[in-house]
Amino acid sequence: MPRSNGPRRRGAGDDDDTEFDFSRILTGGRRIEHRRSGSWNVQSVSPAQAVKEYVCPGCSLPVLAGTAHIVAWRADGLMGEASDLAGRRHWHSHCWKIGN
């Protein structure tokens, strides 16, 4: 029987080298970013999830409803997790990348 040089397809029952990160699924893609100003919890908001309008602390312009953006709050605050969560802010994705 001749040898096949094409790529092999993986079946549904085959083991995969990549494991699911269930914590990422449960937290909605939240991650921690370390910057000069400290550690920050950062979570992306899709256009479908963006139902309210906010003011971006980076540029002071509105983050319009229906616009994908970033929500960020301190991960290393002194007043505790509840206080850090209450201080979360909605940023334009670009403003978050260039600021803070």
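Residues numbered from 1 in each chain as written. Predicted model: local features only at pLDDT ≥ 70, side-chain atom pairs only at ≥ 80, totals over all residues. Heavy atoms only, no water.

By the naming in an unreviewed UniProt entry, the protein chain goes by ATP/GTP-binding protein and is assigned to Agreia bicolorata.

With that settled, consider the side chain of His90. Its location among the elements puts His90 in strand E6 (residues 89-91). According to the relative accessible area criterion, His90 is buried, its value standing at 13%. In this structure the side chain of His90 is engaged in a polar contact, spanning 2.9 Å, whose partner is the side chain of His69. When near neighbours in sequence (up to four residues on either side) are disregarded, His90 contacts Tyr54, Val55, Cys56, Pro57, Val63, His69, Ile70 and Val71. (Helix = DSSP H or I, 4+ residues; strand = E, 2+ residues; numbered from the N terminus. Buried < 20%, exposed > 50% of the residue type's maximum accessible area, 1.4 Å probe, protein only. Polar contact = N/O pair within 3.5 Å; in protein donor to acceptor, adjacent residues only side chain to side chain. Contact = heavy atoms within 4.5 Å.)

One open sheet accounts for four strands, arranged E1-E2-E5-E6; its pairing is antiparallel. Sheet topology places strand E1 (31-35) and E6 at the edges, where each strand pairs with a single neighbour. Within the sheet, the average angular offset between the axes of one strand and its neighbour, ignoring direction, is 35°. Here six bridges tie strand E2 (residues 38-45) to strand E5 (residues 69-74), and the two strands are oriented antiparallel to one another. The residue bridging Trp40 from the neighbouring strand is Arg74, located in E5. (Pairing = 2+ DSSP bridges. Axes fitted to C-alpha atoms, helices over the stretch in contact; angles between N-to-C directions.)

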